[in-house]
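Here is how the chains run, residue by residue.
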Amino acid sequence: MAALSTRYSGAKLLQKKYKDVEGVVKIEEVNGEELVKKFAEEMEEMLGRKMKSVKRLAEAAEDADLDHEYNETLEFDYYNSLLINKVDEDGNPVPLGGEFPLEQNEHFNKLPVNTQQSNIQVPTNVYNQHTDILNGVYMSEALNDIFIENFQKDPTLTWQYFGSSTGFFRLYPGIQWTPDENGVVTFDCRNRNWYIQAATSPKDVIIVVDVSGSMKGLRMTIAKHTINTILDTLGENDFVNIIAYSDYVRYVEPCFKGILVQADLDNREHFKHLVDELHVKGEGKVKNAMKESFRILNEAAALGQGSLCNQAIMLITDGAMEDFKDVFEEFNWPERRVRVFTYLIGRELTFAENVKWIACNNKGYYTHVSTLADVQENVMEYLHVLSRPMVINHDHDIIWTEAYMDSVMFNTQAQSLLLMTSVAMPVFSKKEETLSHGILLGVVGTDVALRELMRLAPRYKYKEGKKLKPKPNYNSVDLSEVEWEDTEEKLRSVMVKGETGTMSLDVRSSVDKGTRVIFLKNDYFYTVINETPFSLGIVLSRGYGQYIFTGNVSVEEGLHDLLTPDLTIADEWTYCEIDIDPAHRKLNQLQAIVKYLTGKDPNLQCDAQLLQQTLFDTVVTAPMEAYWTALMLNASSMDDGIETAFLGTRSGLLRFLKYAGIEKRVGKSFLTSTDKENMFTLDHFPVWYRRAAEHPAGQFLYYMPRQDTRGSSHRKINLKHKTISLTDVLFIKPKLSYLHLFFLTNWFLCLVNQDIECYVIDNNGFVLISKQRSDVSSHTHTHTCVEVVKLECFSAFDLTPVVLPSRTHPSFLFVAYVHKKRGNMLQPCDTEYPSFVYEPSVKETNSIIKCGRCQKMFVVQQVPESNLLMLVVQGDCDCSRQYPPITLEPMEVKYILSLCDRMRSQKIRRRPESCHSYHPQENADDCGGTYFIRLSSCLLFICISFTALVS
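Residues numbered from 1 in each chain as written. Predicted model: local features only at pLDDT ≥ 70, side-chain atom pairs only at ≥ 80, totals over all residues. Heavy atoms only, no water.

## With respect to the state of the cysteines
Working definition of a disulfide: a covalent bond connecting the sulfur atoms of two cysteines. This structure, assessed with the given rule, holds 4 disulfides. C309 shares a disulfide with C915; S-S distance 2.0 Å. Here C309 and C915 share a disulfide; its torsion about the S-S bond, 100°, makes the bridge right-handed. Of the two residues, C309 sits in the loop between α9 (287–302) and β12 (310–317) while C915 sits in the loop between α24 (899–904) and α25 (937–950), which places them 606 residues apart along the sequence. Take C309: its relative accessible area is 14%, and that puts it in the buried class. (Disulfide = S-S within 2.5 Å. Helix = DSSP H or I, 4+ residues; strand = E, 2+ residues; numbered from the N terminus. Buried < 20%, exposed > 50% of the residue type's maximum accessible area, 1.4 Å probe, protein only.)

In structure tokens, the structure reads:
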């Protein structure tokens, strides 16, 4: 097999070509400390441009508001993103519609946009022609010029926007908004994390809900919706708990008794699930619930826990008959450090004065919520109150959100599903007459796709296959869930604290969709990205990841070989910047390289080091095309069953030749644009490249790709410190595979002797060749070694404490590896499944395994210069009862710690640097009491009708 692989891959020829140029190759050891510093500086500069753009928007919005005089009778037509380009039955534009040109734009995820104009989105529950909306939209028209100017100054900008406190959302560039399947637009910018974090400082919130008998029916439904809406306004920097009361006080989650928990996504969803199960009973006695709430908040402040900033109690009730004065005198007066917000549920106003008194005497806000449609607007009032100190002091804090997957803004359009972060800044009213009221106009911001940050750290410069980790220091996807070998969380701690340094870890990394594992010694380099809450970490693996080499060739020679049809480059990599100049956005990377190297476009910015390495690899590997072609043309000497030969280099270059026609190939999608796992992409190297790179030098690596019935071989060739990954693939035919025929021809003893079973397995225990072709499988270890797995010829040795103890045997050949997955959001569940790795120091072994009344002998021997083993097993003893099959089906992990303990535990985190919870000029007399809603007439009619039916 080694001779076969050598012949069709051309390994010796490529090794010779690199040997010939050894004298002109420059070897460099990658300096991780310098690399992470350089990347961080470039990211700081890039993110700084985004912050400057947001500042310009905030200044322009405040100036526009200062010049705008509120007009109660204003009539103004604007472009509503839901109604643009729509006509009525007579063919006339609908109100707030009109012609709005849209053109598909590569820079904006290929969405149809208008880069000359922004437009307005309004949630369905907000009346789109309310006077507040019209005045706000008219005032914010001034942002159009700033949007365009920002985009011209920084062409890497994506979406820019202004989210108004009245509910409308101005977005640039303008788009056609798509409602959900019911024709409803539920998106409300005021619920987005960037809005909430920019509008208020961190907060501790205790939600106190009345579950007495009087709250039955619609009132309880409204109360539950109010709680869920409040939870939606909380973020990673906030802390929360929920108390229910009737005759007695109880915690909605008993596990959280007496404490505050971080309002992360898991905890918020957990609370929502529990709130949905609340039932009413008994008499409402709120006094003890209020005392308990103050105790929690006061204790958190005294112990340095929670947000250490704003504190608030949200009282949700249909009435309050008790006298609370003594409670407030004991816990909150005279400082009034804890604000109390009250929500009176239902139509009855009998207790309105009492409920309002509670809020007005504790620097809070009172609202009356009589229908479900009232909830959203009334809950938002508390954000305006909490923002007052910041607004009065004009503290324009810039905030960055945690990384999140944007799946809401553009509804179900797949192009919007991008991992990103947002930078935002609050917008205040600067009018003197409203200063003490602290009026928040809204929030401006822009999105930064994390792939843009990753482009600043070219893949070829550091460890292949290990994802870069630009992330907020506090994030819903915790670093400990990514680098879980960091059991003492040393790496996590130093990155959260924003420190600079390096450390090493022995890690196990899964590849090939979790079915295989490689063992690495990784060096981690980390530093803070200044002026942001982000830390940056990169990983270099010992050995192959430590070095990079380059060589010089002429541009003419390199271009000639670069344009051959058997060659491709990683189009997701940034060889040249094609996203800055709009004229370049329709170019792919190869076209941009050609324009740059031929001097046809001197304005292109390209990575000189990467281009130099690519051209060098192109020239050195050019003879492979002629070699492979000569083999293919010599049909008489071609072995049937060899489908493809290909090679990849660290510069993202890929050469391949299809020995077999499309009609004869088994792996028809292999090395196509749809086969992402086997291509060079922005965030990973191909799985075949990565596995070969970590394999011992000078050996072929054979494996069965998952979900394909084909065999593969890879060879890694070392030339001093230079590493070249060369890969040739042997595909297996469904009926009479070449390898199966090879097996029958060369191992005649296995064929004729019915008392033995023979297998060729790879170093992960998967069957590559078997006498029974049905045993060959890339999906599960059920068929791996067939009887051998049942016999436990290797031991599944635990590497983590969460796996049940496994059986052992003296013949130690394989080591089990546990891979974890994150489970359901409402019911957290980690799962594990085994992966196996051969111990290479065992060259040959044999043993006997007892199976009840019989016993089996097996012999295992390494196949030279490969990752394969020849396994011969005595076949006349059935051991299936003693040793059931090992599968890759995930199993739930049972933790020693209870779910309660895990949810209560809080990891070290860095708090936001600023807190705005008090200002002496705040007008606390503005504490609510007026009742109004802004609804479309249709929705208002539906809500009134629904209320009447329920009543």
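## Description of the pattern of salt bridges
Across all of its chains, the model carries 26 salt bridges by this definition. Between K272 and E269 there is a salt bridge, and its shortest N-O distance comes to 3.8 Å. One end of the pair, K272, and the other, E269, are both in helix α8 (residues 265–275), 3 residues apart, so they sit about a helical turn from each other. For the pair K272 and E269, one class covers both residues: buried. Salt bridges here are not isolated pairs; linked through shared partners, they connect E45, R49, K50 and D154. (Salt bridge = Lys/Arg side-chain N within 4 Å of Asp/Glu carboxyl O.)

## Remarks on the nonpolar core
Ranked by size, the top nonpolar core spans 78 residues in total, and within it L47, Y78, W159, F169, W194 and V444 carry the most contacts. Considering each element in turn, this core owes the most residues, 13 residues, to helix α3 (residues 32–67). Membership of the second largest hydrophobic core comes to 59 residues, among which are Y18, A570, V620 and M679. (Core = buried A, V, L, I, M, F, W, Y, C linked by side-chain atoms within 4.5 Å.)

## Here's the deal with the sheet that holds strand β3 (residues 111–114)
Within a beta sheet, neighbouring strands are joined by backbone hydrogen bonds and run either parallel or antiparallel to one another. With antiparallel pairing, 3 strands are arranged side by side in an open sheet as β2-β3-β7. A single partner strand is all that each edge strand has here, and the edge strands are β2 (103–105) and β7 (174–175). Where β3 meets β7, 2 bridges bridge the pair, whose relative direction is antiparallel. Note that in β7 the partner of N114 across the bridge is G174. (Pairing = 2+ DSSP bridges.)

## Thoughts on a nonpolar patch on the surface
A cluster of nonpolar side chains, contributed by I848, M857 and V859, occupies part of the molecular surface with about 220 Å² of accessible area. Tracing the chain through its elements places M857 in strand β36 (residues 854–862). (Patch = residues over 30% accessible without salt bridge, like charges linked within 9 Å, V, L, I, M, F, W, Y side chains within 5 Å. Areas by Shrake-Rupley, 256 points an atom, 1.4 Å probe, with all protein chains shown as cover.)

## A few points about helix α12 (residues 375–386)
In terms of burial, α12 is largely enclosed, as 11 of its 12 residues are buried. Among all positions of α12, only V375, Q376, E377, N378, V379, M380, E381, Y382, L383, V385 and L386 are buried.

## Re the environment of G551
For G551, the position within the fold is in the loop between β23 (547–550) and α16 (555–562). Given the relative accessible area of 3%, G551 is considered buried. Along the chain, G551 and I27 lie 524 residues apart, while their C-alpha atoms are 9.0 Å from each other.

## Things to note about helix α18 (residues 608–621)
For α18, built from 14 residues, the straight-helix expectation of 20 Å at 1.5 Å per residue is met to within 8% by its first-to-last C-alpha distance of 20 Å. Burial analysis of α18 places 11 of its 14 residues in the buried class, the great majority of the element. Restricting attention to buried positions, one finds in α18 the residues L610, L611, Q613, T614, L615, F616, D617, T618, V619, V620 and T621. The N-cap residue of α18 is D607: its side-chain oxygen and the backbone nitrogen of Q609 are 3.2 Å apart. (Expected span 1.5 Å × (residues − 1). Polar contact = N/O pair within 3.5 Å; in protein donor to acceptor, adjacent residues only side chain to side chain.)

## Considering the sheet that holds β36
A sheet is described by the order of its strands in space; here 5 strands give the open sequence β31-β30-β37-β36-β35, paired in antiparallel fashion. Strands with a single pairing partner mark the edges of an open sheet, and in this sheet they are β31 (767–770) and β35 (844–851). On average, each strand axis in the sheet is inclined to that of its neighbour by 25°, with strand direction left out of account. Pairing of β35 with β36 involves 8 bridges; the strand directions are antiparallel. Across the sheet, the residue bridging to S847 is F858, located in β36. (Axes fitted to C-alpha atoms, helices over the stretch in contact; angles between N-to-C directions.)

## Looking at the pairing of strand β21 (residues 516–528)
Counting buried residues in β21 gives 11 out of 13 residues, a clear majority hidden from the surface. Bridge count between strand β20 (residues 501–511) and β21: 11 bridges; the pairing is antiparallel. Paired with R508 across the two strands is F519, which belongs to β21. Both β21 and strand β22 (residues 534–541) contribute to a ladder of 7 bridges, which runs antiparallel. Bridge assignment links V528 to a residue of β22, and that residue is S535. Linking two consecutive strands that pair antiparallel, namely β21 and β22, is a turn of 5 residues; a positive phi of about 65° is found at E531 within it.

## A short note on the packing of aromatic side chains
One pass over the full model with this rule turns up 33 aromatic pairs. Seen from their ring centres, F162 and F168 are 5.9 Å apart, and the 65° between their planes marks the pair as edge-to-face. Plain terms: the ring middles of F341 and Y382 are 5.7 Å apart, the flat faces sit at 70° to each other, and that makes the pair edge-to-face. Here F341 is found in strand β13 (residues 338–345), whereas its partner Y382 is found in helix α12, with 41 residues between them in sequence. Of the two residues, F341 and Y382, both sit in the buried class. (Phe/Tyr/Trp six-rings, centres within 6.5 Å; stacked < 30°, edge-to-face > 60°.)

## Comments concerning the pairing of strand β5 (residues 160–164)
For β5, the tally of buried residues reaches 5 of 5 residues, placing the bulk of the element in the interior. Alternating positions in β5 separate into two faces, Q160, F162 and S164 on one and Y161 and G163 on the other, with burial throughout. The pairing of β5 with strand β6 (residues 169–172) spans 4 bridges and is classified as antiparallel. In the sheet register, Q160 faces β6, and the bridge partner there is Y172. The turn joining β5 and β6, which pair antiparallel and follow one another in sequence, is formed by 4 residues; a positive phi near 120° is taken by G167. Looking at chain direction, β5 and strand β18 (residues 440–449) are connected through 5 bridges and run antiparallel. What sits directly across from S164, in β18, is G442.

## Quick look at the side chain of N150
Within the secondary structure layout, N150 lies in helix α5 (residues 143–153). Among the residues examined, N150 registers a relative accessible area of 0% and is labelled buried. Sequence-distant contacts of N150, defined by excluding residues within four places in its chain, comprise S53, R56, L57, L157 and Q160. (Contact = heavy atoms within 4.5 Å.)

## Some points on the packing of helix α1 (residues 2–9) against helix α19 (residues 623–633)
α19 packs onto α1 with a crossing angle of 115° between their chain directions and a minimal axis gap of 9 Å. Where α1 abuts α19, its residues T6, R7, Y8 and S9 lie against M624, Y627, W628 and L631. When grouped by side-chain class, the residues that make up the contact of α1 with α19 number 5 nonpolar, 2 polar and 1 charged. (Nonpolar A, V, L, I, M, F, W, Y, C, P; charged D, E, K, R; others polar.)

## Considering the side chain of R492
Tracing the backbone through its elements, the reader meets R492 in helix α15 (residues 490–496). Under the relative-accessibility criterion, R492 is labelled buried at 6%. Contact partners of R492, with chain neighbours within four places excluded, come to D478, L479, S480, D486, K907 and I908.

## Some points on unusual backbone geometry
The residue after Y172, namely P173, is reached through a cis peptide bond having omega -5°. Mapped onto the fold, P173 is located in the loop between β6 and β7. For the bond running from W333 to P334, omega is 5°, close enough to zero to count as cis. By the secondary structure assignment, P334 is in the loop between α10 (325–331) and β13. Look at N85: it is not a glycine, yet its phi comes out positive at around 60°. Mapping N85 onto the fold places it in the loop between α3 and β2. On the basis of relative accessible area, N85 is assigned to the partly exposed category, the value being 40%. Positive phi is not limited to glycine here, since E531 has a value of about 65°.

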